[in-house]
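# Coordinates in review
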Amino acid sequence: MAGDVQVMRRKKRPGTAKARVCLSVLGVWAAAALWGCGFGQTSSLEKPYSFEERPFVMEEEALAEKGEEATVPLFARDLCVVADEAAFNGEEVDSEAGVLFSLSDGKVLYSKNAFERLYPASTTKIMTALLAVKYGNLEDMVTVTEDAVITEAGATLADLKPGDTLTMEQLLYGLMLPSGNDAGAAIAVHMSQSIEDFAQLMNEEAARLGATGTHFVNPHGLHDENHYTTAYDLYLIFNEALKYPKFREVTKTVAYTANYKDKDGGDVSKVWEGGNWYLTGKRQAPEGVTVFSGKTGTTQAAGCCLVMASRDGGESGDEYVSIVMKAKSRDNLYENMTNIISKIVN
């Protein structure tokens, strides 16, 4: 409405972006309707609201006197926002969900069921890796505990044993390349002393990023009914992780050799290989598209999932995030992903 006004303040919050607070006359009209008073009338309230006396207004004035900027970007200014999925033809994607977002200009190139809650399988590890590079010390020496012993059938492992000692950085490669559930447990216990406390940290970070359709109970993605996310939330988490060079370095790696010590001080050497077919050469990306990061995930309940980052062949090298969730098979996963990322150049 023509009379809308905005009052903004700069507020510091540990570990988060500065917030913008907007108050509009529209909200005042709503309050007036509820309280039986309107504009042009004398309020019957004993202590009517006074903008002039609010702390953030005084802060605005103080900043203005110093010549400092008193506004900050809106939360979603640099994020892709899905407005209307009906605008996209979903025939070429038969997975349960799929998205393609441009990180360079915020455009939504494709979206199907972006907000449907689904099981993430090992794409969960993107959040675990994010917390490791954001809050952990990759030079820490970590001794693997019994928490890393995972016996569930079909669980992918880095083949770590209790008593093994290796760095957080090595664990990060063990987490993301062979998709080691044991490496995820070792990172979680080292950072938070327990799986449960680390899951709380995961959920707090998800909330901070606006991933409101997400709830984690473990650091690796083994199935649990209370462990879920959405394609859009995975985009938010992955987008944040891509801001860290170490995350990019690890997730573009095809193979990594880890040399560390076992519980008796003996030498151990393991070669861990990644599972993204575009990076390993098992599947070719469309011409003009280069895949440079990603994480796969598969369980019976989640189906086959892939979160991926690519860039086009243009001079600017624009970057994109593409996600497929709950594909029917590994081949079907890559068919869907190829159809989605083809939209980058078509």
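Notes on the structure in this doc start here. (Residues numbered from 1 in each chain as written. Predicted model: local features only at pLDDT ≥ 70, side-chain atom pairs only at ≥ 80, totals over all residues. Heavy atoms only, no water.)

## Examining the overall build of the protein
- Helix and strand content of the protein: 10 helices and nine strands.
- Excluding contacts between residues fewer than 6 apart, the proportion of contacts in the protein whose partners are at least 24 apart in sequence is 61%.
- In the form shown here, the protein has an accessible surface area of approximately 17500 Å², with 49% of it arising from carbon and sulfur atoms. (Helix = DSSP H or I, 4+ residues; strand = E, 2+ residues; numbered from the N terminus. Contact = heavy atoms within 4.5 Å. Areas by Shrake-Rupley, 256 points an atom, 1.4 Å probe, with all protein chains shown as cover.)

## Concerning the packing of helix α4 (residues 168-176) against helix α5 (residues 181-192)
- The geometry of α4 relative to α5 is characterised by a closest axis approach of 8 Å and an angle of 145° between their N-to-C directions. In the crossing of α4 with α5, the sense of the turn from one axis to the other is left-handed. Contacts from Met168, Leu171, Leu172, Gly174 and Leu175 of α4 reach α5 at Ala183, Gly184, Ala186, Ile187, His190 and Met191.
- A per-class count over the contact of α4 with α5 returns eight nonpolar, three polar and no charged. (Axes fitted to C-alpha atoms, helices over the stretch in contact; angles between N-to-C directions. Left-handed = near helix turned anticlockwise from the far one by under 90°. Nonpolar A, V, L, I, M, F, W, Y, C, P; charged D, E, K, R; others polar.)

## Here we look at the sheet that holds strand β1 (residues 97-102)
- Reading across from one edge, β2-β1-β9-β8-β7 is the order of the five strands in this open sheet, with antiparallel pairing throughout. Strand pairing shows two members of the sheet lacking a second neighbour, β2 (108-112) and β7 (289-299), which therefore form its edges. Going from strand to strand, the sheet's axes swing by 10° on average, the running direction of each strand aside.
- Note: β1 against strand β9 (residues 319-327), six bridges, orientation antiparallel. Looking across to β9, one finds that Phe101 is bridged to Val321. (Pairing = 2+ DSSP bridges.)

## Remarks on helix α6 (residues 195-208)
- Between its terminal C-alpha atoms α6 stretches 20 Å, which fits the 20 Å expected from 14 residues at 1.5 Å a residue.
- Regarding α6, the residues found buried are Ile195, Phe198, Ala199, Met202, Glu205 and Ala206. The arc that holds the buried residues of α6, viewed along the axis, is 120°, so those residues lie on one side. The outward face of α6, more than 90 degrees from its buried face, is lined by the exposed residues Glu196 and Ala207. (Expected span 1.5 Å × (residues − 1). Buried < 20%, exposed > 50% of the residue type's maximum accessible area, 1.4 Å probe, protein only. Arc of directions from axis to C-beta.)

## A look at the environment of Thr145
- For Thr145, the location among the structural elements is in the loop between β3 (141-143) and β4 (165-167).
- A relative accessible area of 32% means that Thr145 is categorised as partly exposed.
- In sequence terms Thr145 and Ala185 are 40 residues apart; their C-alpha atoms lie 8.8 Å from each other.
- Polar contacts involving the side chain of Thr145 include one to the side chain of Asp147, which spans 2.8 Å. (Polar contact = N/O pair within 3.5 Å; in protein donor to acceptor, adjacent residues only side chain to side chain.)

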